[in-house]
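Here is what each chain is made of, one letter per residue.
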Amino acid sequence: MSRAHVFLRDVTRIFKTADGAGREVHALGPVSLELRQGEFFAVVGPSGCGKSTLLDLIAGLSRATSGSIEFEGRAIAGDVPEGVGVVFQEDACFPWLTVADNIAFGLRQARIGTDDRERRVAHALDLMGLADFAAAYPAQLSGGMRQRVCIARTLVLQPRLILLDEPFGALDQQTRLLMGDELLRLWRDTGATVLLITHALDEAAMLADRIGVMSSRPGRILEIVETHWPRERDSRIVADASFGEITGRLWRSLRTESLKALGKSTGGTPA
Amino acid sequence: MTRVACYRLVLVLGAVLLLELLCRVGVIDRLTMPPPSQILADLWLMLRAGTMYPAMAKTLANVVIAFSTAVAAGLAAGVAIHRWNALRLGLDPLFATYYAVPVFAFYPLLIILFGLGDTPQILIGFMLAVVAVIMNTLNGLDRVSRVLMKTARIHRLGSLATALKITLPCAAPYVLTGVKLAVAYAFIGIIGAEFIMSRTGIGYEISFAYNNFDNATMYPLILLILVVSTAVNTALSHWEKVLMRRRGQV
């Protein structure tokens, strides 16, 4: 169960600024990382550290400046590979389609037959608690429900690697905990490998098997924290004693980096 | 019916009744304008006699050709210009000043180039309509969020599929605004062109009737154009409202 599903070696990303002055911004790396088949991996880091850049590179949405990325043994270079699903923080629902048609979009694209498509959409609607809203348009739904539509649209395609870019960033705390539970359930049921990008330490500590802590820009992986949670788990583990230990450890690693990201000195030894 | 709809109906009916009254008591004399009820009766007679059907068919056919080519070309050009920024930077000043130039001023040139047939008339309708479609399509495409473009790539759509399945549907309400303007501009272009450079069509018939003091033909034709153009526009506005309501915008 521990062979690498995604493999990054010395990956960097350098942006050219748009002003034409030819200045370069070193956004990421070098990062070397292995995601194991079927694990839940979270990445935390200060804002602007290149977390989303890392996700874009693994998704194939942009190209690494140097280094190599492999998914299931094949190199990723600027094209989204089959078997990868992505959920973004921003609302990515198609406002002109009903909830059911939003979820069916990728299946239609893949020319899945009508019977199979309808069955899978109905299943996804059920799973995400959207069955009563199949004919509704996204504008009629709350932010949390719209995000569930996006998750369902990704899941019906049965991706083997699911990339989540702060998917609960726009939701309130209670909804986030409950969505976290749903995410854990889906992860267990599908057996997919999950990479979650987040700025919320508690979210990472509650959901992930392993947590990569990133430095301020240019983002590098400073440390990988193992949570040792059982595969069967839910949001109630936030009351567990080791939950506090994990978030505490993450914050110790991150405090210095977060201060750097804010442009401040470290101000003595971390508490 | 809502209260607002009532007010609107009362306003229109009131204006028509006032006009009727002014005509009946002689404030507006018969040689200037017959009363609205008379215009309506004349239109009914004209439609029953069928004498104007060839002119109506010719005008409407040309409007449809000018309109549909303007929408098709405007959509394609909008997508292309949106995609290639250099093209857009080059064309922006042209679009900004386009409607400051009276297209009708070019009619002698169009006649020299294309003769007195339907082509120059359709061309004027097309030229008036196409830029409205391009500008509104661009406006709509500019509002497609980056995350939807990323979603298109996640679904591994090519450029054409992205335009047809993501960006144009997303921009639809704005595109429809352009389409609505295209209907109006196609009518204005075709009928205006018929006034000055045609021997057929409703525009020509109106000007012919005017030169012969034939109010019984001229006013019903004006009314006919008014009704057709308003009806098409109202239908499109209704469709636009349905689209906007779906997106929670009223």
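Source: prediction; values computed, not measured.

Caption draft 1: Broad picture of the overall build of chain B. Each helix and strand counted, chain B has ten helices and zero strands in total. Along chain B, helices (α) and strands (β) appear in the sequence α-α-α-α-α-α-α-α-α-α when read from the amino end. Expressed as lengths along the three principal axes of its C-alpha atoms, the size of chain B is roughly 70 × 55 × 30 Å. By residue count, 34% of the 250 residues in chain B fall in the buried class. Contacts spanning at least 24 positions in sequence make up 74% of the contacts within chain B whose residues lie at least 6 apart.

Caption draft 2: Broad picture of the overall build of chain A. If you tally the helices and strands in chain A, you get seven helices and ten strands. On C-alpha atoms alone, chain A measures out to a radius of gyration of 19 Å, which is about the 18 Å that the 2.2 N^0.38 rule sets for 271 residues. The principal-axis extent of the C-alpha atoms belonging to chain A is close to 60 × 50 × 40 Å.

Caption draft 3: Molecular detail of the confidence of the model for chain A. Residues and elements named next belong to chain A. Scored by pLDDT, chain A comes out at a mean of 86, with 95% of its residues at no less than 70. Mean pLDDT values for the elements of chain A range from 84 in helix H7 (residues 241-261) up to 94 in helix H2 (residues 99-109). Taken together, the stretch residues 267-271 has pLDDT below 50 and engages in three contacts with residues farther than four places along the chain or on a different chain.

Caption draft 4: Molecular detail of the sheet that holds strand S1 (residues 4-16) of chain A. Residues and elements named next belong to chain A. Spatial ordering of the open sheet is given by S2-S1-S4-S5, a layout of four strands whose pairing is antiparallel. Strands at the two margins of the open sheet, each flanked by one partner only, are strand S2 (24-36) and strand S5 (74-75). In this sheet, strand S4 (residues 66-71) lies alongside S1 in antiparallel orientation, the contact comprising five bridges. If you follow Phe-7 over to S4, its bridge partner there is Glu-70.

Caption draft 5: Quick look at the sheet that holds strand S10 (residues 221-226) of chain A. Residues and elements named next belong to chain A. Taken together, six strands build an open sheet; the order of strands is S6-S7-S8-S3-S9-S10 and the sheet is mixed. Among the strands making up the open sheet, the edge pair consists of strand S6 (84-87) and S10. Averaged over neighbouring strand pairs, the angle between their axes works out to 15° when direction is ignored. With four bridges connecting them, strand S3 (residues 40-44) and strand S9 (residues 210-214) associate as parallel partners. Following the sheet pairing, Ala-42 is matched in S9 by Ile-211. Sheet strands in contact with H7 are S3, S9 and S10, and its direction is about 175° off that of S10.

Caption draft 6: Up close: the environment of A:Leu186. Residues and elements named next belong to chain A. In this fold, Leu-186 is placed in helix H5 (residues 173-190). Given 18 C-beta atoms within a 10 Å radius, Leu-186 is considered partly exposed. Taking the C-alpha atoms as reference points, Leu-186 and Met-128, 58 residues apart in sequence, are found 9.5 Å from one another.

Caption draft 7: Seen up close, helix H4 (residues 143-155) of chain A. All names here are of chain A. With 13 residues, H4 extends 18 Å from end C-alpha to end C-alpha; this agrees with the ideal 18 Å at 1.5 Å per step. Most of H4 is tucked away: ten of the 13 residues are buried. If you check which residues of H4 are buried, you get Arg-146, Gln-147, Arg-148, Val-149, Cys-150, Ile-151, Ala-152, Arg-153, Thr-154 and Leu-155. Here the buried face of H4 lies against S6, H2, helix H3 (114-127), strand S7 (161-165) and H5.

Caption draft 8: Structural context of the nonpolar core. Among the nonpolar cores identified, the biggest contains 126 residues, and B:Ala129, B:Ala182 and B:Ala186 are the most heavily contacted of them. Among residues more than four places away in sequence, those in contact with B:Ala129 are B:Ala66, B:Phe67, B:Ala70, B:Ala182, B:Tyr185, B:Ala186 and B:Gly189.

Caption draft 9: Expanded view of the interface of chain B and chain A. On the side of chain A, 15 residues touch chain B, which itself brings 15 residues to the contact. Among the elements of the structure, helix H7 (146-154) and helix H8 (159-197) of chain B are those that each provide at least two residues to the side of chain B that touches chain A. Ranked by residues supplied to the side of chain B that touches chain A, first place goes to H7(B) with six residues. Of the residues belonging to the side of chain B that touches chain A, the class tally is six nonpolar, four polar and five charged.

Reading the values: the criteria
Residues numbered from 1 in each chain as written. Chains lettered and ligands numbered in written order. Predicted model: local features only at pLDDT ≥ 70, side-chain atom pairs only at ≥ 80, totals over all residues. Helix = DSSP H or I, 4+ residues; strand = E, 2+ residues; numbered from the N terminus. Buried ≥ 20, exposed ≤ 12 C-beta atoms within 10 Å, placed from the backbone. Contact = placed C-beta atoms within 7 Å. Rg over C-alpha atoms; globule rule 2.2 N^0.38 Å. pLDDT = per-residue confidence, 0-100. Pairing = 2+ DSSP bridges. Axes fitted to C-alpha atoms, helices over the stretch in contact; angles between N-to-C directions. Expected span 1.5 Å × (residues − 1). Core = buried A, V, L, I, M, F, W, Y, C linked by C-beta atoms within 7 Å. Nonpolar A, V, L, I, M, F, W, Y, C, P; charged D, E, K, R; others polar.

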